[in-house]
Amino acid sequence: MNKSRSTSLLERARKVIPGGVNSPVRAFRSVGGGPLFIKRGDGCRMTDEDGNVFIDFVGSWGPLILGHKPKCVIDAIEAVLDIGTSFGAPTEREIVLAEAIRDAVPSMEMVRLVNSGTEAAMSALRVARGFTGRDLCIKFEGCYHGHVDSLLVKAGSGLATLGLSDSAGVPASFAATTISVPFNDLAAVEMAFDSHDGQIACVMVEAVAGNMGCVPPAPGFLEGLRTLCTRHGALLIFDEVMTGFRVAYGGAQARFGVTPDMTALGKIIGGGLPIAAYGGSAEVMNHVAPMGPIYQAGTLSGNPLAVSAGLAMLSYLKAHPEVYTTIEERTAALCSDNLPGVTVNRVGSMFTFFFTDEPVFDYASAKKCDTAKFGKFFHHMLDHGVYLAPSQFEAGFVGYAHSAADIDATREAARQFFAKE
Ligand code: KE4
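Every value quoted in this text rests on a predicted model; they were computed, and no experiment measured them.

Topic: the sheet that holds strand β11 (residues 343-347)
Sheet strands pair by backbone hydrogen bonding; their relative direction is either parallel or antiparallel. Strand order in this open sheet of three strands is β11-β12-β14, and the pairing throughout is antiparallel. Here the strands that pair on one side only, and so sit at the sheet edges, are β11 and β14 (396-397). Here β11 pairs with strand β12 (residues 350-354) via five bridges, running antiparallel. Residue pairing for β12: Asn-345 is matched across the bridge by Thr-352.

Observations regarding empty space enclosed by the protein
A complete count under the given rule lists three cavities of 30 Å³ or more for this structure. Of the volumes computed, that of the largest cavity is approximately 100 Å³. Forming the walls of the largest cavity are Phe-351, Thr-352, Phe-353, Phe-374, Phe-377, Leu-388, Ala-389, Ser-391, Gln-392, Glu-394, Ala-395 and Gly-396. At the level of secondary structure, the elements contributing two or more residues to the lining of the largest cavity comprise β12 and α14 (371-383). The greatest single-element share of the lining of the largest cavity, amounting to three residues, is contributed by β12.

A word on the domain arrangement of the protein chain
When the domains of the protein chain are assigned, the result is domain 1 (4-57 + 321-420) and domain 2 (71-319). Just the C-alpha atoms count here: the centres of domain 1 and domain 2 sit 25 Å apart. Taken together, the contact between domain 1 and domain 2 spans 31 residues of the former and 33 residues of the latter. Interface of domain 1 and domain 2: buried area, both sides summed, is about 2400 Å²; carbon and sulfur atoms make up 64% of it. The three residues of domain 1 that bury the most area against domain 2 are Tyr-324, Val-347 and Tyr-363, which together make up 29% of that side's buried surface. In this assembly, domain 1 and domain 2 are joined by one salt bridge. The salt bridge involving Glu-328 is made with Arg-255; its shortest N-O contact spans 2.9 Å. At the junction of domain 1 with domain 2, the criterion picks out 10 residue pairs in polar contact (both at pLDDT 80 or more).

Conventions we followed
- Residues numbered from 1 in each chain as written.
- Predicted model: local features only at pLDDT ≥ 70, side-chain atom pairs only at ≥ 80, totals over all residues.
- Heavy atoms only, no water.
- Pairing = 2+ DSSP bridges.
- Helix = DSSP H or I, 4+ residues; strand = E, 2+ residues; numbered from the N terminus.
- 1 Å grid on protein atoms, 1.4 Å probe; cavity = no way out; pocket = protein on both sides within 12 Å on 5 of 7 lines; lining within 4 Å.
- Points joined across faces, edges and corners; volume = space filled by probe spheres on them.
- Domains from an automatic or database assignment.
- Contact = heavy atoms within 4.5 Å.
- Buried area = accessible area lost by both parts, 1.4 Å probe.
- Salt bridge = Lys/Arg side-chain N within 4 Å of Asp/Glu carboxyl O.
- Polar contact = N/O pair within 3.5 Å; in protein donor to acceptor, adjacent residues only side chain to side chain.

Spelled out as structure tokens, the structure:
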């Protein structure tokens, strides 16, 4: 595969951008080789600067549930350009989007729009602390909630990809406010509550983990978190930045029937533009400025350009429930082959091929994977026109633009890898 233009662009990019990328996981560090510089996306495909075309299973890390450039989103963006891109003042569209989110996720009685999943998770954490008057947060090893200082503790995604357990630059005093326990381990959560009784503001969880690879909640895990948070007066926060409108229109809380006190959203609600949100009951959210003492702000929060894209995306998903049945069927087909030495986890249209024979149910079991073999698989698939997440510790996504033929071609490419093993 000709990568000459990507190679020269990387050399130029590295002179002005750390690692040549604006987000570490894009750097292909754990799979080897240099990242491909992308020229355009169309439907389920991306074309790189050397003209190579790939079936894309990253989908911008989740937002593109309808594929690249869905007509509904492009039309909405074009239409709003006529009135402007940002005012720094309230607009009717923001109310419509907040109402759409509330109607889809009833536990979000009130919503604040922000610009990234990191902002959403960080703000939800601050609200939990301000509302409860407590400082500590329980999170789960391998879960990632954006680059929030105190949550970069045993986090997943890019940290796991780069083999970093924590980030430099986070004061020990910040990290000390976070108690990190194994995902799916209710006993560990109960112990944390018992040893810090009255001090824990919240439990922050990816209801379906996607940042150690895709790891479903064990039966009873989410229900157990709900019970423990209620018992100890802590807020249960579902970080649904990835799962929101992905695993169901109402997110993981709808799919699993467990209601958190607060939710963070992102990715899909922006339709591919920078939008995220956090929310919860009116009782909790009315503690947020200007109504209450908990401060959070943002220059471009709720800007009409991004809000219009997000509204178009959510409106389409609400009007076309067949999107979810289709992408679920397509993902089930993609994950249906018994590949030697591979454990496949899937929830809805999120999936990960873990290179291990053993079940993957938490970060410790995920880390047993043969990441070198995953790297070889990744590049084999790239050579066969399939663009997977460049890390064993990430989820892949099937979108509505992936056809049955695209899935079949991807399965055949995977079978060829194992045939030559
Ligand atoms: P952003 O700040 O990147 O918009 O969202 C942070 C975030 C928060 N919560 C969850 C559950 C997330 O998955 C994310 C971001 N996901 C990663 C991919 N695993 C984004 C990709 C990247 O970091 O480049």
